[in-house]
Structures are given as structure tokens and as C-alpha cells.
Amino acid sequence: MSDMVIVRKEGLYCVPGEFYIDPWRPVARAVITHAHSDHARYGHGHYLAAAPGVNILKSRLGDINIQGLEYGTQVVHNGVHISLHPAGHVLGSAQVRMEHRGEVWVASGDYKVEADATCAPFEPVRCDTFITESTFGLPIYRWQPQAEVYADINAWWARNAEQGRASILLGYSFGKAQRMLSGLDPSIGAIICHGAVEPLNRVYREAGVALPDTRMVTDVAKADIRRAIVLAPPSAAGSPWIKRFGDYSDAFASGWMLLRGARRRRGVDRGFVLSDHADWPGLMSAIKATGAQRVIVTHGSIPVMVRWLCQNGLDASGFDTEYGDDEAEDTLPPEPTEAAEAAKAAEVPHA
Ligand SMILES: [Zn+2]
Ligand SMILES: [Zn+2]
């Protein structure tokens with residue numbers, strides 16, 4: 001049987017369905033897993049996405065021709081039954097299930113398995129072939145439960161507030177910022193959001209996600225700013241907008257904060273390890289839960305994951321894609337030497 005999904009120069013292509021999944025070049029028909037900019041690009045003729053993500057896509061891409069599909073509902077296109085299932089990554093993120101002549105493929109997009117308060121939890125979908133991301137596909141990546149990370153963030157904020165200085169918390173503005181927000185304790189002080197973050201908070205709230213009250217900096221009295229926490233994108237670091245907070249403590253939230261080198265390069269006071277991607281055990285449990293005999297690995301640690309999966313009796317290979325790293329934004333991805341050391345240190349365990 002020939003492969004249902006292949007890589008073309010435009011992106012992942014469903015051959016019988018004649019559509020693309022998260023294509024990186026303009027195409028006629030695109031199924032979009034989520035609204036991060038490396039997965040959802042401008043210029044496609046028609047977009048299909050999970051209904052909870054439609055307003056995010058519109059807020060980022062403007063007036064596009066888009067059809068929203070409720071999770072778990074099927075549409076048929078050129079004989080391929082398509083349905084979208086929660087990926088637990090960000091609001092509206094979806095895995096794409098494709099069924100054709102009794103064979104099932106699932107393309108994961110980005111995913112994480114730990115449920116959080118800001119999006120529908122990851123749903124394992126049985127399939128013959130699973131296309132998985134591998135952003136944190138090394139055994140060294142193991143996340144603490146998010147409740148512990150939230151407790152650390154709140155303790156850091158409370159200590160800064162006691163000492164009369166603002167806390168600047170940097171993280172990706174779509175998804176990461178809202179997830180951090182959902183874990184903050186508003187009794188400590190005011191929560192101020194950067195102008196890149198607040199419009200997304202609005203879309204989340206309109207979708208029914210409960211988030212604590214947030215304010216723009218101009219609406220907060222000077223005295224209160226010294227007890228406030230400020231959520232801003234990494235690109236705001238060192239900007240005049242940040243400098244207005246005077247004597248502040250800063251922190252960065254990302255899965256990469258597990259690496260000492262990444263923390264050092266970022267040059268912040270604190271690193272919180274909080275990722276919207278599955279860690280190594282999460283990737284492994286997700287793959288196992290699909291029951292797939294064949295696994296295709298995309299963006300991240302392709303060789304390590306492929307080798308490990310093959311050692312464990314699966315038919316594994318990689319796809320070269322043009323997806324980036326939404327956890328990294330500007331300067332964060334590990335330097336090649338550091339990544340190589342991490343890979344070497346990663347004594348790949350057996351199941
Ligand atoms: Zn993403
Ligand atoms: Zn991705």
C-alpha cells in the first residue's frame with residue numbers, strides 16, 4: 001500500500017485527499033493543527049482547523065477562508081475521512097486523523113500529554129501510522145508536574161513583591177502566556193500583560209477559558225507596579241517597555257530552561273521549566289497509546305527518537321519539515337555543541 005501522507009516541497013501532503021497539513025508554502029487546501037506561526041502560514045486558498053482555534057487563526061492571519069470543525073466530527077474530502085482531536089498544546093490545537101480504505105494515519109502537530117486549564121486535553125487516537133513531533137525528544141527532558149512550577153513562580157513573585165520590585169515573566173505570547181496566567185495567584189498583586197499578550201487573552205476568555213484579571217501597564221498605579229507581575233514575550237526583553245519597570249527581577253519560562261546553557265544565554269534571574277510540548281516520557285506514552293506500528297518523526301530530535309523506536313520494534317523513520325521551535329522564539333534553542341552533548345548524555349533507555 002502506498003503512503004497516505006508524504007512530504008512535498010510545500011509541506012506534508014495527504015495523497016488521496018489532495019490536501020496539505022500545516023504547509024509551509026501556499027497551497028489550495030490546508031488542514032492546520034494550531035495557530036503558531038510555523039504551522040499556520042499566510043496564503044492558503046482554504047483552511048480547515050478545529051473550531052476552538054478558528055478565532056486565534058483569524059486574529060493572527062486576518063481575513064482567511066476558514067472552516068472550523070468540532071473535535072471528533074468527521075468530514076470527507078476526496079474519499080478521505082478527516083477528523084480533528086485535541087492535542088493539548090494550545091487553545092484549538094488538533095491532531096489530524098485521516099482514514100482511507102480502512103487505513104488510519106494521524107498527524108500530531110505539536111502536543112503535550114499533561115492536561116492544563118487553557119485547552120482541551122490530549123486525546124490518544126488509535127492509528128496504523130502516527131506522525132509525531134519530537135521537540136523535546138531526548139530522555140533528559142522530563143517535566144515536573146505543572147502545579148509545582150506554578151508554586152515556584154508564585155513564590156518567586158511573592159518574594160519580589162515583598163522586596164518592592166516587579167516580576168517580569170517572559171514566555172511565548174500565544175499559549176504559554178495564557179497557561180502561565182492560569183497558574184498565577186492574583187492575591188499577590190496586579191497582573192500586567194504586554195500588548196502582544198493581551199489580545200490573545202481576550203480570545204481565550206471569549207472561548208470560555210477562565211483567566212485571572214489582567215491589566216495594561218497604563219492602568220496600574222506606580223505604587224502597585226512594584227508588587228505586580230508582568231507577562232511579556234521574549235522579544236520584549238531589554239526593550240524600553242521593560243525598562244520602565246525599573247528595579248525588577250526577570251524570569252523565562254520554557255522547556256529549554258532545563259539546560260544550564262540556555263539559562264545562561266538568556267541572562268535572566270530565573271528559569272522556569274514549563275513547556276507546551278510533551279517531554280520524553282510523554283512522547284513515549286503518546287506513541288504507545290496510538291497502537292501504531294509505524295511512526296514518522298518530525299521536527300526536533302529525529303535521529304534519537306527514530307533509533308529508540310526502531311530498537312523497540314516499531315517501523316520508524318523521519319520527515320524533514322520546515323517547522324520551527326515555538327518554545328525558542330529568538331535566542332533560545334540549544335547551541336549545536338550543547339545539543340550534541342545532551343544527545344550523547346542521553347543514554348537511550350530500553351522500554
Ligand atoms: Zn506549536
Ligand atoms: Zn511545532
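Now for a description of the structure that goes with this document. (Residues numbered from 1 in each chain as written. Chains lettered and ligands numbered in written order. Predicted model: local features only at pLDDT ≥ 70, side-chain atom pairs only at ≥ 80, totals over all residues. Heavy atoms only, no water.)

## A word on the nonpolar core
The test is simple: Residues belong to a common nonpolar core when they are buried Ala, Val, Leu, Ile, Met, Phe, Trp, Tyr or Cys residues joined through side-chain atoms within 4.5 Å. Throughout, exposure labels follow a simple rule: accessible area from a 1.4 Å probe, protein chains only, divided by the maximum for the residue type, with under 20% read as buried, over 50% as exposed, and the rest as partly exposed. Comment: elements are numbered from the N terminus, with helices defined as DSSP H or I runs of at least four residues and strands as E runs of at least two. Any two residues whose heavy atoms approach within 4.5 Å at even a single point are treated as in contact.
Core analysis: the biggest nonpolar cluster contains 51 residues, and Tyr111, Ile192, Phe245, Ile287 and Leu309 have the highest contact counts within it. Listing elements by their share of this core, those giving two or more residues are strand E10 (103-107), strand E12 (166-170), strand E14 (229-232), helix H6 (240-243), helix H8 (280-290), strand E17 (294-300) and helix H9 (302-311). Of the residues forming this core, the biggest block, six residues, is contributed by H9. Those residues in contact with isoleucine 192 that lie beyond four places of it in its chain are Arg215, Met216, Val217, Val220, Ile225, Ala228, Ile229, Val230, Leu231 and Phe245. Membership of the second largest hydrophobic core comes to 45 residues, among which are Tyr20, Phe174, Leu200 and Phe272.

## Concerning helix H4 (residues 198-206)
For H4, every residue scored as buried is listed here: Glu198, Leu200, Asn201, Val203 and Tyr204. On its buried face, H4 sits against helix H1 (54-61), helix H3 (176-183) and strand E13 (191-193). Once H4 finishes, glycine 208 follows within two positions and takes phi at roughly 90 degrees, a positive value.

## Topic: unusual backbone geometry
At glutamate 18, a residue that is not glycine, the phi angle is positive and equals roughly 55 degrees. Along the chain, the position of glutamate 18 falls in the loop between strand E2 (11-14) and strand E3 (19-21). Phi at arginine 101 is positive, roughly 50 degrees, even though this residue is not glycine. With respect to the helices and strands, arginine 101 occurs in the loop between strand E9 (94-100) and E10. Classification of arginine 101 by relative accessible area gives exposed; the value is 76%.

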